[in-house]
Amino acid sequence: MMQINFIPLDYGFFDWQGKNYIRIIGRDDKGKRVCIIDNFDPFLWAIFEKGVSDKKIKNIQKKIEKIEIKLPSRTTKVIKTEIYNKNFLGKSVKAIKIFITNYKDAHSVADKLGFKEIKARREYDLNIITKYITEKKLIPLSWHKISGEILNNSYEFGGIDSVLDIDLCIKVEKIEKNDDKKNEKFKPKILAFDIETDELELGRGEVLMISLVSDNFKKVLTCKKHSKKFNYVEYFKTEADMLEAFMKYVAKLSPDVLVGYFSDGFDVPYLKARAEKNKIKLALGLDKSQPSFFRGRIPKAKITGIVHIDLFRFIETVYSQYLQSETLGLNDVAYELLGEGKNKFEFKHSSKLKEHEWEAFFEYNLQDSVLAHKLAEKLWPDMVEFSRIIQEPLFEITRSSMSQLVEYYIIHGLSKYNEIAEKRPLNDKIKNRRQMGKYSGAFVFQPKPGLYKDIVMFDFTSMYASVIFTYNLSLSTFLEKKSSNALTVNLDKEKVYFSKKQGFFPLMLYDIIEKRKKYKKEYKQNPNPIAKARSNAYKLLANASYGYQGFFGARYYCREAAASTAALAKKNILETIDKVEKQKYKIIYSDTDSIAFLLGKRTKKQILDFLKKLNSELPGIMELELEDFYKRGLFVAKRTVKQGAKKKYALIDEKGKLKIRGFETVRRDWCKLVRNLQNNILKRILIDGDEKKALQILQKTIDDLKKRKISRKEIIIKTQLKKPISEYKSRTPHVIAAEKMKKRGTPVDVGMLIEYYIAETQGAKKLVREKVKLPDEKGQYNINYYLEHQILPAVENIFEVFGINKEDLFNKEQKKLHEF
DNA sequence: GACTGAACTATACC
DNA sequence: ACGGGTATAGTTCAGTC
C-alpha cells in the first residue's frame, strides 16, 4: 500500500476482462507522472411508477438482475441492483440502480427495461467519465490523496503499467480530498506546437515543418531545408523522420498539455493523415496510441495521457464575447490578449521559396507556437477554474459549448439534491422544440436623438439568473395546471404556472450568483488571476443559464421557464423605469437590464440613496447597481424613419473613457476609413461637445477621398461567408467576391472573412455587385459609392442631431461647409 | 426600365 | 444543432406600373 498526493489531468477508461475500469493520468506533488486505475461499476436508473408495491418491485428487481447483453465480442451482465428513494424533476420516486459490467451496453440494457411499472429509464446516456466523477468525486485539477497498490510490470489489466510511459502506476483503494493543498498552485508543463504545409486540404501535401515551444525550449523540425541561421531548426531527410522526431520530442518533454490553435480542425488530423501516408503510426499517446477523433462540428482530437487543448475552441465559446478583435484567428486574438501578433509572411508553394524566404518561414512557424504557448499560460487559470467548478476534465471543458458547460455543471450538482439526471432529448423532440415559435424577450427603450449631458446608468446584476431564482422558474418547478399557492406568469398568449417549492435548478443559480459576488469582491480586494478566473466562470454560468433553459438541445429545456424569465425581467425593469420617472428623472435609454437617465440637478449622493430605496423594493434577490456616471452621451435617429435608433449610442465617462455601442465604428463589415472617421467624429463630439471640429474632420476625409488619396487598405470591406456559396439565395457583393476568389484558385471556406472593394466601372452598372473587385485587383475605388454608401450613412445621423443635414454635408460648396 | 416593398444577409446589443 | 430574443441596415429580388 502506498499513498500519494495526486492532481488528475486526463481521464479515460478501458475494458479488462469484459469490465470497465477508469484510468486517470496526472502528477504527484513531486512532479512525477502518475497513472491511477480505479474500479468503477457503472450504472443506470429505472424509475418506478407511483404506487407500485414493494413486492412487485422485488419481482422486477429479480428479472432485471438476469438481464444479459450478448455480443460477439463481449457479454454485459448486471452486477447488482439497489432500490433507492430518489428525486426526479423535484418529485420523490422509487428507483432501482442497475450496476452493469460494461457501460457501452447501457443503452441496450435500458431497452430491456420495458416493464409497465417502470415509467422512465435514465442516466444511460451520460458519458462514463462524467458518471465516474459524480460518484467518486475525483475532481479534475484538484489535489487528492490516493491510496492503493503499486503496479510494477504486473500482468494485471493486461500489463497496462508497462505500456504507459509513466513514473508510477497505482491501483486505487481510496480517494480522499486533500484540503491541505487546496490552494497550492499546480504549474503544468505546456508544450505548444504548430505545423506548416503546402496544401490546406487534410493530408494532401507534405508537412513542411513543425514547431515546438515550451519553457526554455524552441524547435522547428523540418524535412525541407538546412538552416545555418537558426540553431533551433533541425533538419530531417524525410517527412517520416521528421514525424518520428516530433513524437520523440513530445515524449522526451513529457508535457501535461499539448496546445495548438485550431489543432483539432487542422494540425492533429493533418499529422495523422501524413503519418498514414508514410506508413508510420502517430504514436503521441503515453501508451503509444494514435490520437483518436470524436465526432462533432469540428472533430475532437484526444491523445491518451496528454491533454490536447485546441485554444481556438476554448476562446470561441468562453472568451470571444469579451474580445473585440475582428476574427478569432491567432493573429487577432494574440494581438488583443498579448499585444503581439503573428509574423508577416507571404505564402508561396514551398517549391518556389528562396533561401531567405525559408528562413522567414521557419521564424513564422516558430512564432505561431510561441503565441500559442503564451496564450495557454495566460488562459490557464480560466481553464483550471472552469474545470474545477464544472467538475469536468480539461479536455471536455475546453471543447464544450456554453449549453454543455451549464449542463455539466447541473449534472455534477445533482447529487446534492438526490436527483436522477434527465435524459438528452431525442431527434424528434428536438425537432418539435425547434418548431416552436419565438417568445417575447427584452424591453428596449426608444431613445430620443440628441447629445445629453450628465447621465446616470443603473443595471441589474445577473438579471435573468436572479429572476430565475427569485421566481423559481425551471423544468422541475413548472406546473401543467394551476394549483393553490402557485405562481402565475402571463405570457403572450397563455398563462403558465410554477410551484413555490424550491427547485434545484434555481437553487444552483442562487449558488452561482453568490459565488460570483464573493469572488468579484475578493478580486477587488486582492486582484489576482485566480479570483478573476473564478468570478468570470461563475458570471458566464449565470449568464448562460437563461439561454440554456430555452435551448432545444437541453436536458432541462423548459420553454415556459425561459419565456417567463424574459417576461418577469421585463415586468421588473418597466416597473423600475416607472419609479425612476415618478421621481422626476428623465429616462433616456434602457435595454434589457439597464436604465439610463439624466442626473439633472440631483447630486451623486442622492442618486445612491435612490438606488438603495429602489433595491429595498425589488423582489427576492434581484439587485440594481450603479453602472457608471457619464459626462456626455449621443443618441442618433434611424436611417429609415425619423425616430431614435435603439442599440446605437456613444457615451463618455468621467475619466474620458468612451463606450460606443452599435455604431458602424464597432461593426467589422464597414471599411476602416469609415470606422475610423466615425470614431474620430464621435470622440470630438463627446470630449468637448464640439460638432464643428467634427465637421472639419469629415471635410478633410471627403477631400482626401475625392483626391484619391485614400489607400486601398482603408476602403476594403470585409464580410463573413456564413454558408457555402451555392446556398446563397441572394447574390450579394461578398458572395461575388468569394466567387472571384474561387475562380482564381484561392481557397474559399465557410466562416472566412471575404475582402473586397467597390471600384469605378465602365458603363452604367447599377448593382453594387457589378463593381466588386478583390483587394489586389487593379482598379480605382468608386468615389461616389464610398461617399454615398459608406461615409454618408455613417455620419449623417450624427450631424443631424446638431441640425446639420445631408445637403449641408455634401451638396453645398466647400466654402459653405467651412462656415459651420 | 424605373420604382417599391419584401426577402435575404450580416452584425451588433444585452 | 450545439444559449435566447431585439434591433439596425445594406443589397438584391420580384412584382408593379
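Residues numbered from 1 in each chain as written. Chains lettered and ligands numbered in written order. Predicted model: local features only at pLDDT ≥ 70, side-chain atom pairs only at ≥ 80, totals over all residues. Heavy atoms only, no water.

Here we come to the side chain of E691. Mapped onto the fold, E691 is located in helix α19 (residues 691-706). Buried within the structure, E691 lacks any salt-bridge partner; its nearest side chain of opposite charge belongs to K692, at an N-O separation of 4.4 Å. Beyond its immediate chain neighbours, meaning those up to four positions away, E691 contacts I685, F799, F802 and I804. (Helix = DSSP H or I, 4+ residues; strand = E, 2+ residues; numbered from the N terminus. Buried < 20%, exposed > 50% of the residue type's maximum accessible area, 1.4 Å probe, protein only. Lys, Arg positive; Asp, Glu negative; His and termini not counted. Salt bridge = Lys/Arg side-chain N within 4 Å of Asp/Glu carboxyl O. Contact = heavy atoms within 4.5 Å.)

Generally, phi is negative for residues other than glycine and the peptide bonds are trans, each holding for most cases. Positive phi outside glycine occurs at F157, with the angle close to 55°. Among the secondary structure elements, F157 is positioned in the loop between β9 (144-150) and α4 (160-163). Since its relative accessible area comes to 7%, F157 is described here as buried. In this model, N485 sits at a positive phi of 65°, which is unusual for a non-glycine residue. For N485, the position within the fold is in the loop between β20 (478-479) and β21 (487-490).

Looking at DNA strand C, there are 30 residues lining it, with S401, G441, R639, K646 and Y785 nearest. Considering the 4 Å shell around the protein, atoms of DNA strand C inside it are sugar or phosphate in 95% of instances. Contact distances for DNA strand C include 2.7 Å between a phosphate oxygen and a backbone N or O atom of G441. Interatomic distance of 3.4 Å between a side-chain N/O atom of S730 and a sugar or linking oxygen of DNA strand C. For the surface near DNA strand C, the secondary-structure elements that each account for two or more residues are α11 (402-413), β26 (644-653) and α22 (783-800). (Near = heavy atom within 4 Å. Polar contact = N/O pair within 3.5 Å; in protein donor to acceptor, adjacent residues only side chain to side chain.)

Neighbouring residues of DNA strand B: 20 residues in total, closest D593, Y649, G662, Y728 and K729. Within 4 Å of the protein, the atoms of DNA strand B are drawn from sugar and phosphate moieties in a proportion of 89%. At 3.0 Å from a phosphate oxygen of DNA strand B is found a main-chain nitrogen or oxygen belonging to Q720. When residues of the surface near DNA strand B are traced back to their parent elements, those giving at least two are β26, β27 (658-661) and β28 (717-720). Here the residues of the surface near DNA strand B sort into four nonpolar, six polar and 10 charged. (Nonpolar A, V, L, I, M, F, W, Y, C, P; charged D, E, K, R; others polar.)

So, on to helix α14 (residues 504-525). The end-to-end C-alpha distance of α14, which contains 22 residues, comes to 32 Å, matching closely the 32 Å that a straight helix rising 1.5 Å per residue would cover. For α14, every residue scored as buried is listed here: F504, F505, P506, M508, L509, I512, I513, R516 and Y519. Against α11, α13 (463-471) and α15 (529-549) lie the buried residues of α14. (Expected span 1.5 Å × (residues − 1).)

Our focus in this paragraph is the sheet that holds β21. The strand order across the open sheet built from three strands is β20-β22-β21, with neighbouring strands paired in antiparallel fashion. Each edge of the open sheet is held by one strand with a lone partner, namely β20 and β21. Bridge analysis of β20 against strand β22 (residues 495-498) gives two bridges, and the strand direction is antiparallel. For F478, the partnering residue across the bridge sits in β22 and is F498. Helix-sheet contacts for helix α16 (residues 559-582) involve β20, β21 and β22, and the interaxial angle to β22 is about 100°. (Pairing = 2+ DSSP bridges. Axes fitted to C-alpha atoms, helices over the stretch in contact; angles between N-to-C directions.)

On the basis of which strands lie adjacent, the closed barrel formed by five strands has the order β1-β2-β3-β10-β9 and mixed pairing. Within the sheet, the average angular offset between the axes of one strand and its neighbour, ignoring direction, is 50°.

What follows covers the packing of aromatic side chains. Scanning the entire structure with this criterion turns up 40 aromatic pairs. Grouping aromatic residues by their ring pairs yields a cluster made of F345, F347, W358, F361, F362 and Y364. When the ring centre of F43 is taken as origin, the NZ or CZ atom of K131, which lies over that ring, is 4.0 Å away. For K302, the ring lying beneath its charged end belongs to F395, and the centroid distance is 4.8 Å. (Phe/Tyr/Trp six-rings, centres within 6.5 Å; stacked < 30°, edge-to-face > 60°. Lys NZ or Arg CZ within 6 Å of the ring centre and 35° of its normal.)

Next up on the list: the packing of helix α5 (residues 239-253) against helix α6 (residues 267-277). Look at α5 against α6: their axes get within 10 Å of each other, and the N-to-C directions meet at 130°. Put simply, α5 runs oblique to α6. Considering how the two elements wind past one another, α5 and α6 form a crossing that is left-handed. Contacts between α5 and α6 involve E239, L243 and F246 from the first element and L271, R274 and A275 from the second. Looking at side-chain class alone, the contact of α5 with α6 contains four nonpolar, no polar and two charged residues. (Parallel < 35°, antiparallel > 145°, perpendicular 65-115°, else oblique. Left-handed = near helix turned anticlockwise from the far one by under 90°.)

Now for the pairing of strand β15 (residues 257-260). Successive residues of a regular strand alternate their side chains across the two faces of the sheet. The alternating pattern of β15 places V257 and V259 on one face and L258 and G260 on the opposite face, and all of these are buried. With three bridges joining them, strand β11 (residues 190-197) and β15 adopt parallel strand pairing. Each residue of the ladder has a partner; that of A192, found in β15, is V259. With four bridges connecting them, β15 and strand β18 (residues 307-310) associate as parallel partners. Bridged to V259 within β18 is I309.

A separate point is the pattern of salt bridges. Taken as a whole and judged by the stated rule, the model has 60 salt bridges. The shortest N-O distance in the salt bridge between E357 and K348 comes to 2.7 Å. For K348, a relative accessible area of 33% translates into the label partly exposed. A salt bridge links D591 to K647, with the shortest nitrogen-to-oxygen separation between them at 2.7 Å. You can see D591 sitting in strand β23 (residues 587-591) and its partner K647 sitting in strand β26, a full 56 residues away along the chain. Judged by relative accessible area, K647 falls into the partly exposed class, the value being 48%.

Let's shift gears to the side chain of S387. In this fold, S387 is placed in helix α9 (residues 355-390). Its relative accessible area of 0% is what places S387 among the buried residues. Dropping the residues within four chain positions of it, S387 is found in contact with P140, L141, E392, P393, L394 and I397.

Turning our attention to the packing of α11 against α15. At a minimum axis distance of 9 Å, the contact between α11 and α15 shows a crossing angle of 100°. The angle between α11 and α15 falls in the class roughly perpendicular. Touching M402, S403, L405, V406, E407, Y409 and I410 of α11 are Y538, L540, L541, A544, S545 and Y548, all from α15. Of the residues belonging to the contact of α11 with α15, the class tally is 10 nonpolar, two polar and one charged.

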